[in-house]
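Here are the chains, one letter per residue:
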Amino acid sequence: MSGGGVATTGARLLLRRLRSLMAEGGSAEKRLQQIVRAIAADMVAEVCSAYVMRPGEVLELFATEGLKAESVHRTRLRVGEGLVGDIASHARPLALADAQAHPNFAYRPETGEEIYKSLMGVPILRGGRVIGVLVVQNRMPRNYNEEEVEALETIAMVLAELVASGDLVPRSETRPTEGIGLLPTRLEGLALCPGLAIGRAVLHKPRPTLADIVAENPASERERLHVALAGLSRSLDDLLARDDFASGGEPRDILEAYRMFAQDRGWRERLNEAIAGGLTAEGAVLKVQNDAKARMAQVVDPYLRERLADLDHMADRLLRHLTGGAVATALPEKTVLIARNLGPAELLEFERKRLRAVVLEEGSASSHVAIVARALDLPVLGRVDGALTRIEAGDRLIVDADNGQLFVRPSDDIEDKVQESMALKARRRATFADERTLPSVSRDGVSISLSINAGLLIDMQHLEPSGAEGVGLYRTEIAFMVRDSFPDVGQQTEFYRRVYDQAGDRPVVFRTLDVGGDKVLPYWPREGEENPALGWRALRIGLDLPNLMRQQLRALIAAAANRPLRIMFPMIATADEFGAARGLVDLELSRARQRRQHLPAKLELGAMLEVPSLLWQLPELLGQADFISVGSNDLAQFLFASDRGNPRLAGRYDSLSPAMLRLIAQLVARCAEAGRPISVCGEMAGRPLEAMALLGLGLYRLSMAPSAIGPVKTMLRSLNIGQLQSYLSQRIAQGHGGLRRDLLAFAKDHDVVL
Ligand code: PEP
Ligand code: MG
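Residues numbered from 1 in each chain as written. Chains lettered and ligands numbered in written order. Predicted model: local features only at pLDDT ≥ 70, side-chain atom pairs only at ≥ 80, totals over all residues. Heavy atoms only, no water.

Novice: Explain the sheet that holds strand β8 (residues 190-193) here, please?
Specialist: The strands that make up a sheet pair up through hydrogen bonds in the backbone, lying either parallel or antiparallel. The eight strands are arranged β7-β14-β13-β9-β10-β11-β12-β8 in an open sheet whose pairing can be described as mixed. Edge positions in the sheet fall to β7 (185-188) and β8, since each of these pairs with one other strand and no more. Each neighbouring strand pair of the sheet contributes to a mean axis angle of 30 degrees, computed without reference to strand direction. Pairing between strand β13 (residues 396-400) and strand β14 (residues 405-408): four bridges, direction antiparallel. Across the sheet, the residue bridging to isoleucine 398 is phenylalanine 407, located in β14. Against the sheet, helix α14 (residues 412-435) engages β9 (196-203), β13 and β14, with an angle of about 120 degrees to β9. (Pairing = 2+ DSSP bridges. Helix = DSSP H or I, 4+ residues; strand = E, 2+ residues; numbered from the N terminus. Axes fitted to C-alpha atoms, helices over the stretch in contact; angles between N-to-C directions. Contact = heavy atoms within 4.5 Å.)

Novice: Would you explain the coordination of the magnesium ion (ligand 2) in this entry?
Specialist: Expected angles at a metal are 109.5 degrees for tetrahedral coordination by four donors and either 90 or 180 degrees for octahedral coordination by six donors. Distances from the magnesium ion (ligand 2) to its protein donors, Glu610 (OE) and Asp634 (OD), fall within 2.0 Å. Note that glutamate 610 is positioned in the loop between β19 (602-609) and α22 (618-624) and aspartate 634 in helix α23 (residues 632-639), a separation of 24 residues in sequence. As far as burial versus exposure is concerned, glutamate 610 and aspartate 634 are alike and both buried. (Donors = N, O, S within 2.8 Å, 3.2 Å for Na, K, Ca; no water. Buried < 20%, exposed > 50% of the residue type's maximum accessible area, 1.4 Å probe, protein only.)

Novice: Help me understand unusual backbone geometry in this model?
Specialist: Negative phi is the rule for most residues except glycine; trans is the rule for most peptide bonds. Non-glycine residue histidine 73 carries a positive phi angle of around 70 degrees. Among the secondary structure elements, histidine 73 is positioned in the loop between β2 (58-65) and β3 (76-78). Despite not being glycine, alanine 538 shows a phi value in the positive range, around 50 degrees. When you line up the elements, alanine 538 lands in the loop between β17 (508-511) and α19 (539-544). Residue classification places alanine 538 among the buried residues on the basis of a relative accessible area of 2%.

Novice: Whenever I open this one, a negative patch on the surface confuses me. Can you help?
Specialist: The grouping of Asp412, Asp413, Asp416 and Glu420 at the surface amounts to a negative patch. Structurally, glutamate 420 can be placed in helix α14. (Patch = residues over 30% accessible without salt bridge, like charges linked within 9 Å, V, L, I, M, F, W, Y side chains within 5 Å. Areas by Shrake-Rupley, 256 points an atom, 1.4 Å probe, with all protein chains shown as cover. Salt bridge = Lys/Arg side-chain N within 4 Å of Asp/Glu carboxyl O. Lys, Arg positive; Asp, Glu negative; His and termini not counted. Charge placed at Lys NZ, Arg CZ, Asp CG, Glu CD.)

Novice: Please clarify how the site of ligand 1 should be interpreted in this entry.
Specialist: Around ligand 1 lies a shell of 16 residues, among which Arg475, Arg511, Glu610, Gly631 and Asn633 are the nearest. Within the side chain of arginine 511, a nitrogen or oxygen atom sits 2.8 Å from an oxygen atom of ligand 1. Taking arginine 644, its side chain carries an N or O atom lying 2.9 Å from an oxygen atom of ligand 1. For ligand 1, the protein covers 100% of the area, taking 290 Å² as the surface of the free molecule. Elements represented by at least two residues in the shell around ligand 1 include exactly α12 (368-376), β16 (471-475) and α23. Considering every element that reaches the shell around ligand 1, the biggest residue donor is α23, with three residues. Class assignment of the residues belonging to the shell around ligand 1 gives a composition of four nonpolar, five polar and seven charged. (Near = heavy atom within 4 Å. Polar contact = N/O pair within 3.5 Å; in protein donor to acceptor, adjacent residues only side chain to side chain. Nonpolar A, V, L, I, M, F, W, Y, C, P; charged D, E, K, R; others polar.)

Novice: So what exactly am I meant to see when it comes to the nonpolar core here?
Specialist: The nonpolar side chains of a soluble globular protein tend to be buried with one another. The biggest cluster of nonpolar side chains holds 96 residues, and the ones touching the most others in it are Phe569, Met692 and Leu702. Setting aside residues no more than four positions away along its own chain, leucine 702 makes contact with Ser449, Leu450, Ser451, Val680, Ala685, Ala691, Leu694, Leu695 and Val712. Counting residues in hydrophobic clusters, the runner-up holds 65 residues, among them Met120, Val149, Leu168 and Val214. (Core = buried A, V, L, I, M, F, W, Y, C linked by side-chain atoms within 4.5 Å.)

Novice: Got a minute to help me understand the packing of aromatic side chains in this structure?
Specialist: The relation between two aromatic rings is expressed through the spacing of the ring centres and the mutual angle of the planes. For the structure shown, the criterion picks out nine aromatic pairs. Their ring planes at 70 degrees and their centres at 6.5 Å tell us that tyrosine 474 and phenylalanine 495 sit as a pair that is edge-to-face. Of the two residues, tyrosine 474 sits in strand β16 while phenylalanine 495 sits in helix α18 (residues 489-503), which places them 21 residues apart along the sequence. Linked through ring pairs, Tyr474, Phe495, Tyr496, Tyr500 and Phe510 together constitute an aromatic cluster. (Phe/Tyr/Trp six-rings, centres within 6.5 Å; stacked < 30°, edge-to-face > 60°.)

Novice: Mind showing me how you'd approach the environment of leucine 463 here?
Specialist: Inspection of the secondary structure assignment puts leucine 463 in helix α16 (residues 463-466). Leucine 463 sits 41 residues away from glycine 504 along the chain, and the two C-alpha atoms are 9.9 Å apart. Ignoring anything within four residues of it in the chain, the contact list for leucine 463 reads Ile452, Ala468, Gly470, Val471, Gln502, Ala503 and Arg506.

Novice: Help me understand the confidence of the model for the protein chain in this model?
Specialist: Parts of the prediction with low pLDDT should not have their coordinates interpreted in detail. Taken over all residues, the pLDDT of the protein chain has a mean of 86, while the share at 70 or more is 87%. Taken together, the stretch residues 177-182 has pLDDT below 50 and engages in 10 contacts with residues farther than four places along the chain or on a different chain. This model gives residues 243-251 a pLDDT under 50, and the stretch forms 18 contacts once residues within four places in sequence are excluded. (pLDDT = per-residue confidence, 0-100.)

Novice: Could you clarify how one ought to interpret the side chain of glutamine 617 in this entry?
Specialist: As for its placement among the helices and strands, glutamine 617 is situated in the loop between β19 and α22. In this structure glutamine 617 comes out as buried when scored by relative accessible area, which is 18%. Reaching out from glutamine 617, the side chain makes a polar contact with the backbone oxygen of serine 613 at a distance of 3.1 Å.

In structure tokens:
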């Protein structure tokens, strides 16, 4: 027997032949038949058969060269039955010189296979699941060697694409059914950014297509793999050195394990072998990943399972390096993006108009990706367990982020209902648009200032249509976060000028760079910090690196030229810090004066109130600050000692609790005494019920995501603030439990539109 017929070059030639066969027209079954014929010829086997998994865990013979033609579609074996069933149940190859001696051998008379002595079979795997079995048989006893088994596995990988294409059996049959089957399913999550959307799933994880699997030139594939592995190791080293993975949710030991895998000789060898067998670097990663996943299903030891799961993530990362990180940033229309997690910068890489919603396995409401999503008015559902494995690319999805739920492959009646409520929402939005020009005045005549939060130039386009007064918080760091290097003074000046141009006569409050915590600048190496949220961030960096801060102030002063300049500083913990920041502004003003530049028409410097320690330094602070802006996201984080980015804590402490409300009430009173304006620019201000509570506490300046202006304005125009104030002051004084329910009851009793 010519056992060496499958030298690697031969396998490569066969792979190429298979690829062209697959690309040919005609029915999928006919193509499959040609493919098994080509395999049999190439492998010098009398028989080659392909079995495909059908519903009910049955392997059905779909094509054969050598067995009787009439057995096609008739021969069906349960998983576990016979040698083919054995291969499927263990998801591992078998190579037997004397197949009939194997205890699992099951003879099927209709096939006429009794004359074939030897058998080699491999599972057809996709996404780690068995979707079929590929078998060759020989009449004479034959010892198949390892290389041949490898080659057949590689061929099976290519076949997997044909089986999963939907042309052979309905696509639904080859999808993962884990836990949810193929029926319409409802998954739960946490609403990170409200909204309703219908679209199709795009998985934010790399998955090369067939065209990327079969290689033309193994030497260049080896080189690509080498470069990608080096890039992978480097990125892991950087991550480990930066030590900021704690906030990214990837504990150190996983990264350490990743790094070990990246350098693992065995892994590299397996990848190189797969390339030698005719696969591209991507194809090789997929193959090795598939094998590991299939093994994972068999492993019960939790430690080993974890290691295999690491290997799986690792393979994903390596694929990302191979595809240059371009993980489907070009999206089809009406995309619902499914990801484990996304950074704010990553989210911004996608084209907004094609995105309908985002579904994350992780995430929390006050994380920055949620804030960016709000700026983009993009529904985001977070903490959907196993979203990436339970949703298939192309699945039809309804994201109901308002109610924290996700419908996968919804039935028509659900879709109809959702369409109805989307239409209703659109009508409500139209009402908001109609009300845009109406004054922002409560029912009892109190005038309220509503502004938008912005961080991108596209946000500025919402100013006019939202009817907002101005920009109450311009998060300057967002522009820094989406670049790949630190912008110089000229670039910053240009950027702020454009903000001014877009704002026209409306006021803009620029917040100085607020990085650190969960806001990472990709080009800025960070030191290891145990508690990044409490670490070297925001104004602390600005004061420690005054040149950096002065550059920003210089750019702001230059951009303002003859227009009013309003600046506020984030994360102030002591009144002295505010004084120091003010000092830097003075230095830059004198510099501008000396150079005879145009100066701002007016200068106002504000303090963000985000750190509770400031509450006991109000006299000193209010003596120096022109205004106060409450950053309720961070204030709540530090008040309750509760990480705003930790999904486990999301919703644990209510901003409508007596602690928070009393604090704000006192703050409002102190600011009124000192004659200093106070506003709120955290997420609280944009939620109608919370905004109502703030008005009830006497806080009349609110800054929020542009999409929140309409609902908040409708709420306040239906509210009698005087009535609410007397109600609320009583309830706060009594002070037990949260006040959310009381406030909802008040709104209901007094016809406040929430
Ligand atoms: C806040 O903390 O409430 C705030 C407005 O700032 P950021 O969310 O950008 O930290
Ligand atoms: Mg903040």
